[in-house]
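# Coordinate inspection notes
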Amino acid sequence: MLRKDAHVATDASAPPPSLLDLGLAFTKLGITSIGGGVNGMMHTEFVTNRGWFTDRQFLSGLALAQSLPGVNVANLALWLGYQLRGSVGALVALGAVVLPPAFAILLIGNLVLRLSADPVIGALLAGLAVAATGLSLSVGYLAMRYACIDVVSAILFGCTLIGVTAFHFSALAVVAALAPIGVAYGFLRTRH
Amino acid sequence: MKDDNLLVSLFVVFAPLSLMAIGGGSSILGELQHSVVDGRHWLTNKAFLDMFAISRVAPGPGTLIVTLMGWHLAGWAGAIVATIAIFAPSSLLVVVIAHFWHSRPNAAWQGAMVYGLAPLAAGLVLSSAITLLSNARGGWVAWSVAVGIGVAARKVKLGPLTLMIIGSFAFCGLLMAAG
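Another point: the pattern of salt bridges. If you walk through the whole model with that rule in mind, you get 4 salt bridges over all chains. A salt bridge links Asp 150 of chain A to Arg 189 of chain A, with the shortest nitrogen-to-oxygen separation between them at 3.5 Å. Within this pair, whereas Asp 150 of chain A is found in the loop between helix 6 (119-147) and helix 7 (151-165), its partner Arg 189 of chain A is found in helix 8 (residues 171-191), the two being separated by 39 residues in sequence. With a relative accessible area of 24%, Asp 150 of chain A lands in the partly exposed category. Of the charged contacts in the structure, one is a salt bridge between Lys 46 of chain B and Asp 50 of chain B, with a shortest N-O distance of 2.7 Å. With Lys 46 of chain B and Asp 50 of chain B both in helix 3 (residues 45-57) and 4 residues apart, this pair spans about one turn of that helix. One salt-bridge network, in which partners are shared between bridges, spans Lys 28, Glu 45 and Arg 50 of chain A.

This is the structure we're talking about:
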């Protein structure tokens, strides 16, 4: 299976990289990405610098990585890793973006949490949390502008936002109820 | 035995969130806060928000907040179980779909997924941000700093880390000014 999958990315300009190269490239991205924005870095690294993917391959992977459940960066790593080296490539890419930062957050976290009882550090942390939420608002706003392209998608958006925020429905229940409707309508829409 | 139960509980709480993270890790933060603070009483609201802040300035995906929570609650075993729970279910799904994608690439199918899920993702990301802000320290100060940073992110060419640091100082300054 691995050999067959290794030929998937044939229309990219470079031959498939070794598992080691793949692991190192994703490790570098995982550990240098802070506060988001890693998708743009991945594009520069894999399409522009290394030529492992074409623009089209990368962008279709990105669209799916963002719409499927899961962490975007992890999904994109899985997708790109799979294209290059099959299931093993996917696993290596996932491990490379997740494990080194996981150790980093334990190290930083345990240190900072010990200091968080200090009022100044506590206030700075609270400020960081608030500012990070501001970044989420901005991302959410962009996502909304991108997603609401007609009446049905706007209704799906509105029901999700109001259902979870105002009516305190479980987000899981909202997704379970609305996702099939949205995808089914998406299918019908493309048929016409 | 109590520890084993805690590890099972960690998995039971985090694994469904994995499949719910449409649009990425930011969309589950509201539900995560609700589960671990109000539901299970594993963390205080302050501890949750501290960990959230750390997860945003530490390298790597912000969802690694669950790794830190797992560690905090049950040491190494907790960190490992929490990390697997949040990544494994969605990752399996992605690999299965990647596999079928290669055997039968179909643009209509991809378009339908993106069309149907993108509005939910946007709704979840925004509702998570609103939930977090309602529980944040500082009341109106928190709201104004968050909105200010959100607008600045669209207008100014500064990296996310720089914006967060500016926002944090602005937050502290306004808190002191407001008494």
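Put simply, the second largest pocket is a space of about 440 Å³. Lining the second largest pocket are 22 residues, with Leu 94, Val 98 and Leu 99 of chain A together with Ile 84 and Phe 87 of chain B sitting closest to its centre. Sorting the residues of the lining of the second largest pocket by element identifies helix 5 (72-115) of chain A together with helix 4 (65-103) of chain B as the ones contributing at least two each. Considered class by class, the residues forming the lining of the second largest pocket number 17 nonpolar, 5 polar and no charged.

On to the packing of aromatic side chains, then. Applying the stated criterion to the full structure yields 8 aromatic pairs over all chains. Centre to centre, the rings of Phe 26 of chain A and Phe 46 of chain A are 4.7 Å apart; their planes meet at 45 degrees, and the pair counts as tilted. Taken together, the residues span a long stretch of sequence, with Phe 26 of chain A in helix 2 (residues 19-32) and Phe 46 of chain A in helix 3 (residues 38-49) at a distance of 20 residues. Taken as a pair, Phe 26 of chain A and Phe 46 of chain A share a single burial class, namely buried. Look at Trp 71 of chain B and Trp 76 of chain B: their rings are 4.9 Å apart centre to centre, the planes differ by 90 degrees, and that puts the pair in the edge-to-face class.

Scoring rules and cut-offs
- Each chain has its residues counted from 1, running along the sequence as written.
- Naming scheme: in the order in which they are written, chains are lettered from A and ligands are numbered from 1.
- Given that the model is predicted, a residue must reach a pLDDT of at least 70 before its local features are reported, and side-chain atom pairs must reach 80 or more before they are shown or counted; all residues, however, enter totals for whole chains, interfaces and linings.
- To obtain the side-chain values, all non-hydrogen atoms of the structure were used and water was disregarded.
- Each salt bridge in this description consists of a side-chain nitrogen of Lys or Arg and a carboxyl oxygen of Asp or Glu lying within 4 Å of one another.
- Here a strand is any run of E in DSSP of at least two residues, a helix any run of H or I of at least four, and the numbering for each starts at the N terminus.
- Note on classification: 1.4 Å probe, protein chains only; a residue is buried when its accessible area is under 20% of the maximum for its type, exposed when over 50%, partly exposed between these limits.
- Cavities and pockets were defined on a 1 Å grid built from protein atoms only: a cavity is a group of points that admits a 1.4 Å probe but offers it no way out, a pocket is an open group of points flanked by protein on both sides within 12 Å along at least five of seven lines, and a lining residue is one with an atom within 4 Å of any such point.
- Grid points are joined across faces, edges and corners, and a volume is the space filled by probe spheres set on the points.
- Just so you know the grouping, Ala, Val, Leu, Ile, Met, Phe, Trp, Tyr, Cys and Pro go in nonpolar, Asp, Glu, Lys and Arg go in charged, and all remaining residues, Gly too, go in polar.
- Geometry of aromatic contacts follows a simple scheme: Phe, Tyr and Trp rings, the Trp one being its six-membered ring, pair when their centres are within 6.5 Å, and the pair is stacked under 30 degrees between planes, edge-to-face over 60, tilted otherwise.

Don't take any of this as a statement about function, it's just geometry.
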